[in-house]
Amino acid sequence: MIGRIIGALVGREIGRREGNDGFKGAALGALAVGGMRRLGPLGLLLGGGYAAKKAYDRRKAGKVAGNRY
C-alpha cells in the first residue's frame, strides 16, 4: 500500500515536470511502482526520497518568491 502511494506521488511529480497532470503522470507512476517493487526496500526509499525532494524544492521556491506554498 505504501508503495502505491509513493508511486502516485512520483507520477504526480513527473507529470508536473512534463507540464501535464493527466494520464501520462498516472502511467509513469504505475511503472514506477513496478520498478520500486523489483528493487525492494531500496526502491521505496529512492521513490519516496525523490517525491520528498521535489516537494521540499517546491516549498523552498515558494518561500523565496514570497508565496506561502
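This text follows the structure it describes.
All values derive from a computational prediction rather than experimental measurement.

Asker: Lay out the pattern of salt bridges with the relevant residues and their values.
Answerer: Counted by the stated rule, this structure contains one salt bridge. Lys53 serves as the salt-bridge partner of Asp57, at 2.8 Å between the closest nitrogen and oxygen. Of this pair, Asp57 and Lys53 both sit in helix H3 (residues 41-64), four residues apart, roughly one helical turn. Given the relative accessible area of 47%, Lys53 is considered partly exposed.

Asker: How would you sum up a nonpolar patch on the surface? Please name residues and give values.
Answerer: Together, Leu39, Leu42, Leu45 and Leu46 give the surface a local cluster of nonpolar side chains, amounting to about 420 Å² of exposed area. The element contributing the most residues to the nonpolar patch is H3, with three residues. With respect to the element layout, Leu45 can be found in helix H3. Residue Leu45 is classed as exposed on the basis of its relative accessible area, which comes to 61%.

Parameters and conventions
- Residues numbered from 1 in each chain as written.
- Predicted model: local features only at pLDDT ≥ 70, side-chain atom pairs only at ≥ 80, totals over all residues.
- Heavy atoms only, no water.
- Salt bridge = Lys/Arg side-chain N within 4 Å of Asp/Glu carboxyl O.
- Helix = DSSP H or I, 4+ residues; strand = E, 2+ residues; numbered from the N terminus.
- Buried < 20%, exposed > 50% of the residue type's maximum accessible area, 1.4 Å probe, protein only.
- Patch = residues over 30% accessible without salt bridge, like charges linked within 9 Å, V, L, I, M, F, W, Y side chains within 5 Å.
- Areas by Shrake-Rupley, 256 points an atom, 1.4 Å probe, with all protein chains shown as cover.

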